[in-house]
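Survey of secondary and tertiary structure
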Amino acid sequence: ATNHWELWDCVIHINSLEGGKKKSVGGGRTYASPNSNPLTEKLSPGSYEVRYRPRHIHGEDWEFVESRVEIKAEEILDLKQDYQTGKLRIGAEREGKSQSIDLLIRSNGKTVYNKRISGSSKSELREIVLMPGQYEFVVEAVRLAGSSPRRFSASIEAGTVLEK
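Our subject in this report is the structure included herewith. (Residues numbered from 1 in each chain as written. Predicted model: local features only at pLDDT ≥ 70, side-chain atom pairs only at ≥ 80, totals over all residues. Heavy atoms only, no water.)

**Section: the nonpolar core**
What counts here: Remark: nonpolar core denotes a set of buried residues (Ala, Val, Leu, Ile, Met, Phe, Trp, Tyr, Cys) joined through side-chain atoms within 4.5 Å. Here's how the labels work: a residue is buried when its accessible area is under 20% of the maximum for its type, exposed when over 50%, partly exposed in between, all with a 1.4 Å probe on protein chains only. Only heavy atoms enter the contact rule, under which two residues are in contact if any of them lie within 4.5 Å.
In this structure, L103, I105 and I128 are the most contacted members of the largest nonpolar core, which totals 30 residues. Apart from the residues within four sequence positions on either side, I128 is in contact with H58, G86, K87, L88, I90, L103, I105, Y113 and I117.

What follows is the structure, given as structure tokens:
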């Protein structure tokens, strides 16, 4: 599993499709290390479904499914999934100091990210990896009486970085 052709941490589930029922038969995590990526599994001949669930990628359609993967005896099958993502870099400052914020991201009305981003003395922006698409963002300062959430919409495209 890769993101822009760089090794990426991904959870992989392998299900047998034999007998008309899905049955988990293998899988694991790839991590972003050449020691574990690619993931290698020994499987009996048959029909399988392979599900890729990348870690630290947010948005809709982040899970990729290869259905009806046919494995034959003595065959080595090389499956690859490369995610093409964009990034949001976000942070907040108040009076020259980094400010903690609550960040909510929605796509098509579904929440795809909802976390507190702690302000640090480094004043660095937090980087969030997103699948390409249109998003609504709600940013709210933490422990700032009388503040109102800021809302904005933006499109994230593969290979781009949006800074706010």
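**Focus: the packing of aromatic side chains**
Here is the rule: Any two rings among Phe, Tyr and Trp, with Trp reduced to its six-membered ring, count as a pair given centres within 6.5 Å; such a pair is stacked if its planes are under 30 degrees apart, edge-to-face if over 60, and tilted if neither. Labels follow the DSSP assignment, with helices taken as runs of H or I lasting at least four residues and strands as runs of E lasting at least two, numbered in each case from the N terminus. Definition used: whenever NZ (Lys) or CZ (Arg) falls within 6 Å of the ring centre and also within 35 degrees of the ring normal, the charge is taken to sit over that ring.
What the rule picks out here adds up to three aromatic pairs. Considering the side-chain rings of Y135 and F137, the 6.2 Å spacing of their centres and the 45 degrees angle between planes classify their relative orientation as tilted. For F137, a relative accessible area of 1% gives the class buried. Centre to centre, the rings of F137 and F152 are 4.7 Å apart; their planes meet at 15 degrees, and the pair counts as stacked. Placement of the pair is F137 in strand β14 (residues 133-141) and F152 in strand β15 (residues 150-156), with a sequence separation of 15 residues. Every member of this aromatic cluster is reached through a ring pair, and the members are Y135, F137 and F152. The cationic tip of K164 hangs over the ring face of F152; the distance from NZ or CZ to the ring centre is 4.8 Å.

**So, the pattern of salt bridges**
Note the cut-off: Salt-bridge detection follows one rule: a side-chain nitrogen of Lys or Arg within 4 Å of a carboxyl oxygen of Asp or Glu.
Under the counting rule described, the total for this entry stands at 12 salt bridges. As a salt-bridge pair, E127 and K87 come within 3.4 Å of each other at their nearest N and O atoms. Taken together, the positions of E127 in strand β13 (residues 126-130) and K87 in strand β8 (residues 86-90) put the pair 40 residues apart, joining distant regions of the chain. For K87, a relative accessible area of 29% gives the class partly exposed. Between R89 and E127 there is a salt bridge, with its nearest N and O atoms 3.6 Å apart. Within this pair, whereas R89 is found in strand β8, its partner E127 is found in strand β13, the two being separated by 38 residues in sequence. On the accessibility criterion, R89 (26% relative accessible area) is partly exposed. Using a relative accessible area of 41% as the deciding quantity, one classes E127 as partly exposed. Through salt bridges with shared partners, one network takes in K22, E49, R51, R53 and E63.

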